[in-house]
Amino acid sequence: RQNAEIVVADGVRWKSDVPLIRSFKKNFLVYITATPEARFERLKKRAEKTGEAEMTWEQFLKEEQALTEIFISEIGKMADVVIDNNGTPKELEAKTHAFYRDRLFPVLYNRR
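Here's what I pulled together on the structure shown here. The shown structure was predicted, so the numbers you read here are calculated from the model rather than taken from an experiment.

Some remarks on the overall build of the protein
Helix and strand counts for the protein stand at 5 helices and 2 strands. Helices (α) and strands (β) of the protein occur, in sequence order from the N terminus, as α-β-α-α-α-β-α. Projected onto the principal axes, the alpha-carbon positions of the protein cover approximately 50 × 30 × 25 Å. Put simply, the protein has 112 residues, and 20% of those count as buried. Partitioning the contacts of the protein with sequence separation of at least 6, the portion at a separation of at least 24 is 67%. Taken as a whole, the protein presents about 8,600 Å² of accessible surface, with 54% of it coming from carbon and sulfur.

Written as structure tokens, this is what we have:
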């Protein structure tokens, strides 16, 4: 119901979310991925939740099997664009800008 040109649904974790995204006339499903090792190190550094800084690799792997996590890679296979996030924050920013410039804006503004 947003009256916006771009709506971002962050953290798509359920396969049932994909048809909703695809129901928009102009849509992209973007999968931003990183290795488990990279995600684990970043989680510990961010420490947004209590105990994350002290989390062990085994605990992390167990959480990766949670119901909210197990469909993410399957959803990623349905993505229009995959962005590898194993590099630096600056590299991710450059890849994101390239996506906006090369894929998103042409669709939004050149095909009306």
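Read on, since the account is not over.
A few points about the nonpolar core
As a rule of thumb, nonpolar side chains are buried together in soluble globular proteins. Residues V12, V18, I21, L29, Y31, I75 and A79 constitute the largest nonpolar core, which totals 7 residues. Dropping the residues within four chain positions of it, V18 is found in contact with L29, I75 and M78.

Overview of the pairing of strand β2 (residues 81–84)
Burial along β2 is one-sided: V81 and I83 are buried, and none of V82 and D84, which face the opposite way, are. In this sheet, β2 lies alongside strand β1 (residues 30–33) in parallel orientation, the contact comprising 4 bridges. Among the inter-strand pairings, Y31 is bridged to a residue of β2, identified as V82.

Quick notes on helix α2 (residues 36–46)
Listed in full, the buried residues belonging to α2 are A38, F40 and L43. Close packing links the buried residues of α2 with α3 (57–63). Looking one or two residues beyond α2, the residue adopting positive phi is A47, at roughly 45°.

Digging into the environment of A79
Residue placement: A79 occurs in the loop between α4 (72–77) and β2. Put simply, A79 and N27 are 52 residues apart on the chain and 11 Å apart in space, counted from C-alpha to C-alpha.

Basis of the calculations
Residues numbered from 1 in each chain as written. Predicted model: local features only at pLDDT ≥ 70, side-chain atom pairs only at ≥ 80, totals over all residues. Heavy atoms only, no water. Helix = DSSP H or I, 4+ residues; strand = E, 2+ residues; numbered from the N terminus. Buried < 20%, exposed > 50% of the residue type's maximum accessible area, 1.4 Å probe, protein only. Contact = heavy atoms within 4.5 Å. Areas by Shrake-Rupley, 256 points an atom, 1.4 Å probe, with all protein chains shown as cover. Core = buried A, V, L, I, M, F, W, Y, C linked by side-chain atoms within 4.5 Å. Pairing = 2+ DSSP bridges.

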